[in-house]
Amino acid sequence: EDMEEDLRKIATSLKIPYDFDLITKICQSDLLFAADVFIQLRVAIKPKKKSLNWRSEILSRNGDRTKLEAFWGEIDSMKTMAPHQISRPLGFLISDVYQAIPTCSLAADFDVQHGLCKLWHFGRCAVDDLFPLANMPKSLTSHRDFFKQNHLDRVYCVGMDYQSESVNLYFISPWMDADANEIRTLLTTLGFRDSIPSDSEILASCSSATAFAITLRWDSDAFERCCFYIPFSLLQSQQLKAMCWDHREVTSHGSSGFVGLSFSRDV
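Here the structure is a predicted model, which means the values were calculated and not measured.

Participant: Sorry, what's going on with empty space enclosed by the protein here?
Facilitator: A probe as big as a water molecule, rolled over the atoms, marks out the empty space that is left. What the rule picks out here adds up to one cavity of 30 Å³ or more. A volume near 40 Å³ is recorded for the largest cavity. Around the largest cavity sit Phe71, Trp72, Ile75, Ile94, Leu106, Ala107, Ala108, Leu119 and Trp120, which together line it. Mapped onto the lining of the largest cavity, the elements with two or more residues apiece are helix H3 (66-76), strand E3 (105-111) and strand E4 (115-126). By residue class, the composition of the lining of the largest cavity is nine nonpolar, no polar and no charged.

Right, dumping it as structure tokens:
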């Protein structure tokens with residue numbers, strides 16, 4: 001009951017729509033809130049949208065998959081609480097990854113308005129190990145050369161987004177020493193020219209990112225989006241700082257907060 005009430009209070013204070021009955025139904029799961037499950041709250045503030053979700057994550061202990069199996073079974077049974085019917089490749093991909101790739105942890109994100117919205121598999125693997133997976137978008141294999149040329153050879157997380165029907169691959173960023181022109185060239189190569197900001201300071205901030213993600217879809221051979229994740233502690237751009245919450249207050253509470261700079265084919 002404390003979790004449900006906390007979510008309600010946060011959503012109300014930030015004026016984020018929520019479905020309290022749905023929150024209550026999800027929170028009835030004992031496995032999602034067991035003592036060895038980590039809970040994280042996440043608020044996303046975008047130009048036209050604010051959202052609140054929470055993550056339930058369980059870690060693998062000494063290679064023991066018993067609790068992972070139970071957690072996965074519970075999440076699998078909750079797919080009816082996703083925003084809409086899940087397509088076959090998206091619904092089966094998490095099983096493909098879980099069976100083929102060593103697992104450090106599994107996680108699920110729940111939105112306060114839409115329910116189950118994302119699934120996460122954490123476990124390092126070579127990007128080459130993902131190419132044979134039957135339900136992976138074809139745009140992955142069509143970009144073999146891109147991954148090789150940019151030293152994106154190891155994935156540490158695969159995320160499945162049920163709201164946008166897409167998959168995200170996360171890498172350690174290889175552009176930590178890049179300048180604004182190199183980032184601009186990268187984004188142009190990816191077809192994201194229309195979303196490149198004119199401010200070189202913002203582009204240069206991408207070199208402070210510790211992680212980099214690519215978004216793939218099943219209905220396109222192109223990359224849908226990329227994102228650079230910059231920890232608050234490494235953020236240099238005054239313009240970006242001004243666009244965020246007071247980063248000093250966030251970091252003073254021990255938050256591992258970050259700024260995500262996303263670029264896509266849309267402006």
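Participant: Whenever I open this one, helix H1 (residues 2-13) confuses me. Can you help?
Facilitator: Given 3.6 residues to a turn, an α-helix orients residues that are three or four positions apart in the same direction. For H1, with 12 residues, the first-to-last C-alpha span of 16 Å sits near the 16 Å given by 1.5 Å per residue. Where H1 is concerned, the buried positions are Met3, Glu4, Leu7 and Ala11. Burial along H1 is one-sided: seen end-on, the buried residues are contained in an arc of 100°. Relative to its buried face, H1 has exposed residues pointing more than 90 degrees away, namely Asp2 and Ser13. As for H1, its buried residues are in contact with helix H2 (20-26), strand E1 (37-46) and strand E2 (49-59).

Participant: Hey, could you run me through the sheet that holds E2 in this one?
Facilitator: Taken in spatial order, the nine strands make up an open sheet running E1-E2-E3-E4-E5-E6-E7-E8-E9, and their pairing is antiparallel. Two strands bound the open sheet, and with one partner strand each, they are E1 and strand E9 (258-264). Direction aside, the axes of adjacent strands within the sheet are offset by 20° on average. Bridging between strand E6 (residues 166-172) and strand E7 (residues 211-216) involves six bridges; their strand directions are antiparallel.

Participant: It is not clear to me how the pattern of salt bridges should be interpreted in this structure. Could you clarify?
Facilitator: Opposite charge on two side chains permits them to pair, given that their charged atoms come into close proximity. Applying the stated criterion to the full structure yields five salt bridges. The residue Asp36 makes a salt bridge to Lys67 at a minimum N-O spacing of 2.8 Å. Remark: Lys67 occurs in helix H3 and Asp36 occurs in the loop between H2 and E1; sequence separation between them is 31 residues. You can call Asp36 partly exposed: its relative accessible area is 22%. Residues Arg55 and Asp109 are paired through a salt bridge, measuring 2.7 Å at the closest nitrogen-oxygen approach.

Reading the values: rules and limits
Residues numbered from 1 in each chain as written. Predicted model: local features only at pLDDT ≥ 70, side-chain atom pairs only at ≥ 80, totals over all residues. Heavy atoms only, no water. 1 Å grid on protein atoms, 1.4 Å probe; cavity = no way out; pocket = protein on both sides within 12 Å on 5 of 7 lines; lining within 4 Å. Points joined across faces, edges and corners; volume = space filled by probe spheres on them. Helix = DSSP H or I, 4+ residues; strand = E, 2+ residues; numbered from the N terminus. Nonpolar A, V, L, I, M, F, W, Y, C, P; charged D, E, K, R; others polar. Expected span 1.5 Å × (residues − 1). Buried < 20%, exposed > 50% of the residue type's maximum accessible area, 1.4 Å probe, protein only. Arc of directions from axis to C-beta. Contact = heavy atoms within 4.5 Å. Pairing = 2+ DSSP bridges. Axes fitted to C-alpha atoms, helices over the stretch in contact; angles between N-to-C directions. Salt bridge = Lys/Arg side-chain N within 4 Å of Asp/Glu carboxyl O.

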